[in-house]
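Read off the chains here:
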Amino acid sequence: LQEKRTVTREILTPEGDGMEIFTLTSGPDGQIYGSTYINMHLFRCEPATGRLTDLGKVTRWAGQVDSVSLGRDGRIYMGAYTDAVISVYDPKAPWNPGLKPDSNPHEIGPVGKGQYRTTANCLGPDGRIYVGSIPSYRSAESGAFTICDPKTGEMDVKLDFVKGGDVLDLAADDRFVYGTGKSEFFVYDP
């Protein structure tokens with residue numbers, strides 16, 4: 001602007017939403033699934049062709065999907081900002097988001113206890129969803145380690161599991177859930 005000249009030009013495509021990619025995971029079908037910043041949508045990329053498909057809005061909440069993982073059951077687990085809302089998507093079933101058990105993605109609900117952003121999630125060996133989260137702008141004393149039963153929607157929110165509460169990374173195998181938080185590594189046996 002100071003030199004009153006054009007530095008670069010970019011052509012925006014009609015199918016693009018102009019948002020930055022926020023998170024990615026591999027899908028059970030060889031596709032890549034991800035979200036973009038601040039529109040709460042999930043997209044799919046076909047690596048062989050580079051084709052991107054916007055699947056649609058994941059939940060009724062504003063914000064973005066900020067953690068995503070592929071479970072051993074072939075479903076995609078998502079945590080979203082705002083209010084740390086947990087959802088499950090089955091790529092083999094038709095897109096039909098909502099709150100009903102047969103919705104896809106199925107919105108399970110917010111973690112609660114002042115949690116706002118999900119930093120990580122994974123499906124544990126016991127079929128429950130494990131979630132790391134942080135609170136909203138000093139609305140709670142700490143982040144949490146949450147265990148969610150996807151069938152009932154029950155949330156066991158542990159604010160004191162890791163010193164300071166912030167669980168930043170999660171992964172699971174067929175026996176344990178592994179995580180990090182506040183420079184600590186932990187192994188959780190369900």
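Remember, it's a predicted structure, so these values are computed and weren't measured experimentally.

Turning to the sheet that holds strand S13 (residues 169-172), a few remarks are in order. Reading across the sheet, the 3 strands line up as S13-S14-S15 and stay open at both edges, with antiparallel pairing between neighbours. Every other strand in the sheet has two partners, leaving S13 and strand S15 (184-188) as the edge strands with one partner each. The average undirected angle you get between the axes of adjacent strands in this sheet is 15 degrees. One ladder, built from 5 bridges, connects strand S14 (residues 177-181) with S15; its direction is antiparallel. Among the inter-strand pairings, Tyr178 is bridged to a residue of S15, identified as Val187.

With that out of the way, let us pick up unusual backbone geometry. The omega angle of the peptide bond from Tyr81 to Thr82 is 20 degrees, so this bond is cis rather than trans. Here Thr82 is to be found in the loop between strand S6 (76-81) and strand S7 (85-89). Pro105 follows Asn104 through a cis peptide bond whose omega is 5 degrees. Structurally, Pro105 can be placed in the loop between S7 and strand S8 (106-110). Here Ala84, not a glycine, exhibits a phi torsion of approximately 50 degrees, which is positive. The topology assignment puts Ala84 in the loop between S6 and S7. Positive phi, close to 50 degrees, is recorded for Lys182, a residue that is not glycine. The residue Lys182 is located in the loop between S14 and S15 in this model. Residue classification places Lys182 among the partly exposed residues on the basis of a relative accessible area of 44%.

What counts, and at which threshold
Residues numbered from 1 in each chain as written. Predicted model: local features only at pLDDT ≥ 70, side-chain atom pairs only at ≥ 80, totals over all residues. Heavy atoms only, no water. Pairing = 2+ DSSP bridges. Helix = DSSP H or I, 4+ residues; strand = E, 2+ residues; numbered from the N terminus. Axes fitted to C-alpha atoms, helices over the stretch in contact; angles between N-to-C directions. Buried < 20%, exposed > 50% of the residue type's maximum accessible area, 1.4 Å probe, protein only.

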